[in-house]
Amino acid sequence: MKFTAITTLILGFFLLTIPAFAQTPNAETIIQKIDDNMSSKNRIVTSEMVIRGNRKDRVVSSRGYSEGNEKSFTEYLSPEREKGTKMLKLEDRLWIYSPSTDRIIQLSGHMLRQSVMGSDLSYEDMMEDRKLTDMYDAKVIGEETFSDRKCWKMEMIAKVEDVSYYKRLVLVDQERFVPLKEELFAKSGQMLKQTTLSDVVQIDGRWFPRKMNYKDMLKAGEGTDFIIKEIQFDADIPDYIFSKGSLKK
Amino acid sequence: MKLAFQLAYKNLIGAGLRTWLNVAVLSFCFVIIIFFNGMMDGWNEQAKRDTIAWEYGNGHVLNDKYDPFDPFSLQDGHGQIPADAAHLTPILIQQGTIYPDGRMVSVALKGIDASQTSLELPTQALRESDAEIPAIIGTRMAASNKLEKGAEVLLRWRDKNGTFDAANITIVDIFENNVGSTDNGQVWISIEDLWKMTGMTGEATLMVAGKEYVHKELEGWHFESQKALLSDIDKIISTKKASSGVLYMLLLAIALLAIFDTQVLSIFRRQKEIGTYVSLGMTRRQVVGLFTVEGAMYSIFAMVVGCIYGIPLFIYLAKTGIAMPQASQDMGVALAEKIFPVYGIQLVIGTIILVVIAATIVSFMPARKIAKMDPVAALKGKLQ
């Protein structure tokens, strides 16, 4: 769920109406191409989250089902301690089921600001599903080479007050139309978080990043990696998956 | 009665080591009871004094949506400071995160009027500093995060709309106090700075009442008096007293058991003496009284002996204090590095009454047997 939530968050950016430069492709075209390349009706992802600690790394594997930005369901497969934990997100609500207590709890308020399984990602980061067009004014501010790929550099400045991050900078692969890096900034200009997408491969005719590094820039360490092991686009996902009933199954 | 005291005194002195063993245990009990209670009373007084000086002032006026025991209420538990809030020091509390040496540490970011005098927090340092965002922290917070005076540390917070912001704060002073709840995990900055940082201008989470404050109803706010705020300390101390009471009650029980045994043995071995008393004209009640006074006199002796070594010990401890371990000082209640015991007259008299009455009762119980004795058989020393 985390991988898909962040990916869709970044993808959302590309749904923005970007004022096109004369020498750059039309923003609408870029967005459409990214959308064609990466979006799907739904997806099933089996992934690993590598959480880097001071002493040792932890690997948490999960299987996530998602439909658009608003519905997602994740089941943790390993390690033993997390096995069976399930998360369901429906629009702006998030429930977690823990097998050790056999209880479903809904996260709200400050609890959403807690870290997910000790990673650099908060529940709130996963919950953001507003269209970025509704939150930011965006423009293409230039070109940059990143990981030996030529990218468009895009800047977004908040146009509404209730956003978590005041500014975002995103680099998009000019050829494959895959976002490769996103930086999130505070009002003061301090960089807070950075997301790097890599290991871009072709899956079912789409270019898709198989690895994502999510890093809290104020904290020491190398951040949290999300690695896709297996992904299925436009799969047949039964409706009951996105219901509270599936948490206890 | 005078005769009973004289006889009891002579008998006890005559018994030698047996008497002094009983007296030693009972006097130790005396000293321990007074020591424990004195320490608890000293802690109570010190905790109250420090908590008033550093945290409670003359009471708190709290926003109705704020619950001090629920950190989740911080998000909504604040409001505009009422226009007629005289003699009140506003404090705005927000959650923040500091990053000392790349570690992420959640803190309560507290904005306080830098010119306040209601609390002993050294807020004048905030006023006098030229730093962009000056901050003061306590010694515990400084130690746990390895921060020193003059250090800069990155702080991340959210404004009123939930948007992240981050900037360096400068530690301009590190204060030392005994009130962990103003120190652990807390960063104090000027309320004006916090208003600017969060956009919550003119808002507060709570207000500390000054000495001249007279309470009147403020809409959206409620008053917690100093007494009500301190009641938690009273409850904690009384719980502590009860738990430590088990220890000295056990000790007292051992001492009383020793007296009881001695009494049973005396009555058994001194049957001829009892018979002689009766034959010389003492009533059985008088003989029972004599033995009871003998037993009770252990407590008088114990008091005297206890005074001999207890008073210098108590005076020494009251002067030097009792060192408390560092770990205990990080708990919620104010606890100084040293506790100076307080020995109230009430405590001393209460302890004397407790031990004397208890010793008298356990002395009387076996002595009742005398009333049933046949004086002739007693004179002959026959077992009854």
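Residues numbered from 1 in each chain as written. Chains lettered and ligands numbered in written order. Predicted model: local features only at pLDDT ≥ 70, side-chain atom pairs only at ≥ 80, totals over all residues.

Caption draft 1: Local environment of the overall build of chain A. Across its full length, chain A carries four helices and 13 strands. By residue count, 38% of the 249 residues in chain A fall in the buried class. A fraction of 47% describes how many contacts in chain A between residues 6 or more apart in sequence connect residues 24 or more apart. (Helix = DSSP H or I, 4+ residues; strand = E, 2+ residues; numbered from the N terminus. Buried ≥ 20, exposed ≤ 12 C-beta atoms within 10 Å, placed from the backbone. Contact = placed C-beta atoms within 7 Å.)

Caption draft 2: Looking closely at the overall build of chain B. Broken down by element type, chain B carries 11 helices and 13 strands. For chain B, the spread of C-alpha atoms along the principal axes amounts to about 100 × 45 × 30 Å. In chain B, buried positions account for 40% of the 384 residues. Within chain B, contacts between residues at least 6 apart in sequence are counted, and of these 80% link residues at least 24 apart.

Caption draft 3: Here's a closer look at the nonpolar core. A:Val172, B:Ala135, B:Ile137, B:Val187 and B:Ile189 are the most contacted members of the largest nonpolar core, which totals 94 residues. Counting residues in hydrophobic clusters, the runner-up holds 38 residues, among them B:Leu252, B:Ile274, B:Val278 and B:Ala359. (Core = buried A, V, L, I, M, F, W, Y, C linked by C-beta atoms within 7 Å.)

Caption draft 4: Just the pairing of strand β5 (residues 93–98) of chain A, in detail. Residues and elements named next belong to chain A. As paired elements, strand β4 (residues 86–90) and β5 share five bridges and run antiparallel to each other. Bridging from a neighbouring strand, Lys89 pairs with Leu94 of β5. From the end of β4 to the start of β5, which pair antiparallel, there are two residues, and Glu91 there has a positive phi angle of about 55 degrees. Where β5 lies against strand β6 (residues 103–107), five bridges are found, and the strand directions are antiparallel. (Pairing = 2+ DSSP bridges.)

Caption draft 5: Region of interest: the packing of helix α1 (residues 2–15) of chain B against helix α8 (residues 284–320) of chain B. Residues and elements named next belong to chain B. For the pair α1 and α8, interaxial distance at closest approach is 9 Å and the crossing angle is 60 degrees. Crossing handedness for the pair α1 and α8: right-handed. Across from Ala4, Phe5, Leu7, Ala8, Tyr9, Asn11 and Leu12 in α1, the residues of α8 making contact are Gly289, Leu290, Val293, Glu294, Met297 and Phe301. Counted by class, the contact of α1 with α8 contains 10 nonpolar, two polar and one charged residues. (Axes fitted to C-alpha atoms, helices over the stretch in contact; angles between N-to-C directions. Left-handed = near helix turned anticlockwise from the far one by under 90°. Nonpolar A, V, L, I, M, F, W, Y, C, P; charged D, E, K, R; others polar.)

Caption draft 6: Representation of the environment of B:Thr360 within the structure. Residues and elements named next belong to chain B. Following the sequence through the fold, Thr360 ends up in helix α10 (residues 345–367). Taking the C-alpha atoms as reference points, Thr360 and Met297, 63 residues apart in sequence, are found 8.3 Å from one another. With residues near it in sequence (within four places) discarded, Thr360 still touches Thr292, Gly295 and Ala296.

Caption draft 7: Quick peek at the interface of chain B and chain A. With 15 residues of chain B at the interface, the matching set in chain A holds 16 residues. For the side of chain B that touches chain A, the secondary-structure elements that each account for two or more residues are β6 (152–158) and β7 (164–175) of chain B.

Caption draft 8: Molecular detail of the confidence of the model for chain A. On average, residues of chain A score 81 in pLDDT, and 82% of them reach the 70 mark or higher. Scored below 50 in pLDDT, residues 11–22 of chain A makes 35 contacts in the model with residues more than four places away or belonging to other chains. (pLDDT = per-residue confidence, 0-100.)

Caption draft 9: The confidence of the model for chain B, seen in detail. Mean pLDDT for chain B: 86, with 96% of residues reaching 70 or above. For this predicted complex, the interface score ipTM comes out at 0.74, while the overall pTM is 0.74.

Caption draft 10: Main features of the domain arrangement of chain B. Here chain B is described as being made up of domain 1 (2–52 + 231–380) and domain 2 (59–212). Each of domain 1 of chain B and domain 2 of chain B was reduced to a C-alpha centroid, and the two centroids are 51 Å apart. (Domains from an automatic or database assignment.)

Caption draft 11: Fine view of unusual backbone geometry. Of the consecutive residues A:Ser78 and A:Pro79, the connecting peptide bond is found in the cis state with omega at 5 degrees. Secondary-structure assignment places A:Pro79 in the loop between β3 (71–78) and β4. You will see that B:His87, though not glycine, has its phi angle at about 55 degrees, which is positive. Inspection of the secondary structure puts B:His87 in the loop between β2 (79–80) and β3 (88–98).

Caption draft 12: Representation of α1(B). In this model, α1(B) (14 residues) spans 20 Å end to end at C-alpha, consistent with the 20 Å of a helix rising 1.5 Å per residue. Phi turns positive one or two residues past the end of α1(B), at B:Gly16, with a value near 65 degrees. (Expected span 1.5 Å × (residues − 1).)

Caption draft 13: Highlighting the packing of helix α6 (residues 226–269) of chain B against α8(B). All names here are of chain B. Interaxial distance between α6 and α8 falls to 10 Å at its minimum, and their mutual angle equals 150 degrees. In this view, α6 runs roughly antiparallel relative to α8, as classed from their interaxial angle. Along this stretch, α6 crosses α8, giving a crossing that reads as right-handed. Seen from α6, the contacting residues are Ile259, Gln263, Ser266 and Ile267; seen from α8, they are Phe291, Gly295 and Tyr298. (Parallel < 35°, antiparallel > 145°, perpendicular 65-115°, else oblique.)

Caption draft 14: Broad picture of the pairing of β3(A). Residue and element names in this part refer to chain A. Where strand β2 (residues 57–67) meets β3, seven bridges bridge the pair, whose relative direction is antiparallel. Along β3, the bridge assignment pairs Ser62 with Tyr76. The antiparallel hairpin formed by β2 and β3 contains three residues in its connecting segment, where Gly68 sits at a positive phi of about 60 degrees. Relative to β4, β3 is paired through five bridges, and the arrangement is antiparallel. Residue pairing for β4: Phe73 is matched across the bridge by Leu88.

Caption draft 15: Main features of α10(B). All names here are of chain B. With 23 residues, α10 should cover 33 Å at 1.5 Å per step; its first-to-last C-alpha distance of 33 Å lies within 8% of that length. Of all the residues in α10, the buried ones are Thr351, Val355, Ala359, Val362, Ser363, Pro366 and Ala367. As for α10, its buried residues are in contact with α2 (17–56), α6 and α8.

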